Protein chains: 2
Amino acid sequence: MSSPLIVKFQAGSSGAWRIENIAPVVGESLPAAEYLNILEGAQDSSSVEMPKWTLRGFTSNSRYATREETALLATRQEGLGRPKAMCGALIPIRKNAAWWALAQDERRAILEEQSRHIQIGLDYLPAIARRLHHGRDLGEPFDFVTWFEFPVSDKAAFEELVCRLRETREWSYVDREVDIRVYRASY
Amino acid sequence: MSSPLIVKFQAGSSGAWRIENIAPVVGESLPAAEYLNILEGAQDSSSVEMPKWTLRGFTSNSRYATREETALLATRQEGLGRPKAMCGALIPIRKNAAWWALAQDERRAILEEQSRHIQIGLDYLPAIARRLHHGRDLGEPFDFVTWFEFPVSDKAAFEELVCRLRETREWSYVDREVDIRVYRASY
C-alpha cells in the first residue's frame, strides 16, 4: 500500500486525453470541455490555462476489501498506463447523507454482501484498470472520482460493468453521477 | 454524520489553550511552544503570527465502528466546548507501513476484537470528550490527530485511558506519537 497521492483531473483546451462525451447520470452534469489532464501529487498545473473545471481526490488505503478480496485483486489487476489502453473513463459520484450516516458494518454489507461491488469489478480484470480517488474529505463536490483505462476491444465490457454497478442497492445512495468518456490524444 | 471539517492545530506565542507539556512517546517530538490554537474550516489563521508548528487533519465518517458501537457512543458522549472541561490533550500519532498494508477486516480485528479501542474509549464517557482528525491523506507527518477535553477531576482517568490504549496490540503499529497537554488560557 503506497502513500496517499493527491490527483487533479482538469478539463481544458489541450491535454493528454480527448473528451468524447460528458453525460449526466444522476443530478447536475459538468461543463463541456475538449481535453482532460491528470496531474499527480505536486505536479505543476500552471501550464494548463484556465481549466474549465477541476476535480480533486486522493488515493488511500482500501476501506472495505477483506484480505481475501485484496489478494484476489492484486493477482488479477493491471496498472494504469498500459499502451494498449486507449480508452479512458472518469466517473465522479456523490453519495447522499443516508449513506454517510451508516456505520462501517452497514456500509460494508450494502457495498459487498448485497451489491457485490468488489466481485463485479473482479469480473472485468485485468481488462479494465481502475484507480479510486476520495474527494469528500477535501470538501469537493464529488465524494469519489474513479478513473478507468481499457483497450478499445473492451468498450462493451466497460458498458456492462457500469450498468451492473448502477443496478445495485449501493447505487440507490448515489445522488450525483457524471460519466465522462475519453480517448488518448497523444498516441 | 456531519460533513468533513478541516481543522488546524497551531502552536505559537498566544492562544486559547496554554501548553503545559509536550512529551515524545514514540519517535521524534514536536518543538516547544507556549500556546495552542484550534482553527476550524475556513477560519482565518493569519492572525496567528508565525506558528511554531501546525498539524492538520479532517473529521470524517467513522472507519471501524459498527451500528451497535456507534449507537452506544452517541448515547454516552458529550461534545467539545463544555465549560467544565478545562483540560485538553492533543495526541498526534503515525502508524507504520505494516498497518496500512492490512486489509479492512484485519485492521478492524486488531483495533477492536483484539485491542478493544472503541470499548476502552466508552469506559471514559462522558467525562472525556474527543474528536478524531485524519492527516495521512493530506500528506501530513501524522496519520491521526486526536483532541481530548476533560475536567480537572478526570485527569487521572485520562492517564489511565492513554495507558490502556498504549498497551494494546494496535499500538504496536504506532511508530510516532507525541503527547501534548494543555489547559484553558482564557477562562
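Preceding this paragraph is the structure being described.
No experiment lies behind these values; they were computed from the predicted model shown.

*Asks:* Even after reading the chapter, I still don't get the relation of the copies chain B and chain A, so can you show me in this structure?
*Replies:* The operation linking the two copies of the chain is a rotation about an axis combined with a translation along the axis. Taken as rigid bodies, chain B and chain A are interconverted by a rotation of 180 degrees and an axial shift of 0.0 Å, the fit giving an RMSD of 0.0 Å. On the angle and the small slide along the axis, the relation comes out as a two-fold axis. Within chain B, the C-alpha atom positioned nearest to the axis of rotation is that of Arg63(B), 3.7 Å from it. Mapped onto chain A, 100% of the interface residues of chain B again fall at the interface, so both copies present the same surface.

*Asks:* What's the story with the state of the cysteines in this structure? I'm lost.
*Replies:* Joining two cysteines, a disulfide is a covalent bond between their sulfur atoms. All names here are of chain A. Applying the stated criterion to the full structure yields zero disulfides over all chains. Not part of a disulfide, Cys-163 finds its nearest cysteine sulfur in Cys-87, a span of 16 Å. What makes Cys-163 partly exposed here is its relative accessible area of 42%.

*Asks:* Where do I start with the packing of aromatic side chains in this structure?
*Replies:* The way to describe two aromatic rings as a pair is by their centre distance and the angle between their planes. All told, the structure shown has 13 aromatic pairs over all chains when counted by the stated rule. Seen from their ring centres, Phe150(B) and Phe158(B) are 4.5 Å apart, and the 15 degrees between their planes marks the pair as stacked. A relative accessible area of 2% means that Phe150(B) is categorised as buried. What links up through ring pairs into an aromatic cluster is the set Phe9(A), Trp17(A) and Trp147(A). Above the plane of the ring of Tyr35(A) lies Arg18(A), whose end atom (NZ or CZ) is 5.0 Å from the centre.

*Asks:* What is the right way to read the nonpolar core from this model?
*Replies:* One recurring pattern in soluble globular proteins is that nonpolar side chains are buried together. Counting residues in hydrophobic clusters, the biggest one holds 28 residues, and the most contacted among them are Trp99(B), Ile128(B), Phe148(B), Phe150(B), Phe158(B) and Leu161(B). Grouped together as the second largest cluster of nonpolar side chains are 27 residues, Tyr64(A), Phe144(A), Tyr173(A) and Val174(A) included.

How each quantity is defined
Residues numbered from 1 in each chain as written. Chains lettered and ligands numbered in written order. Predicted model: local features only at pLDDT ≥ 70, side-chain atom pairs only at ≥ 80, totals over all residues. Heavy atoms only, no water. Least-squares fit on C-alpha atoms with pLDDT ≥ 70 in both. Contact = heavy atoms within 4.5 Å. Disulfide = S-S within 2.5 Å. Buried < 20%, exposed > 50% of the residue type's maximum accessible area, 1.4 Å probe, protein only. Phe/Tyr/Trp six-rings, centres within 6.5 Å; stacked < 30°, edge-to-face > 60°. Lys NZ or Arg CZ within 6 Å of the ring centre and 35° of its normal. Core = buried A, V, L, I, M, F, W, Y, C linked by side-chain atoms within 4.5 Å.

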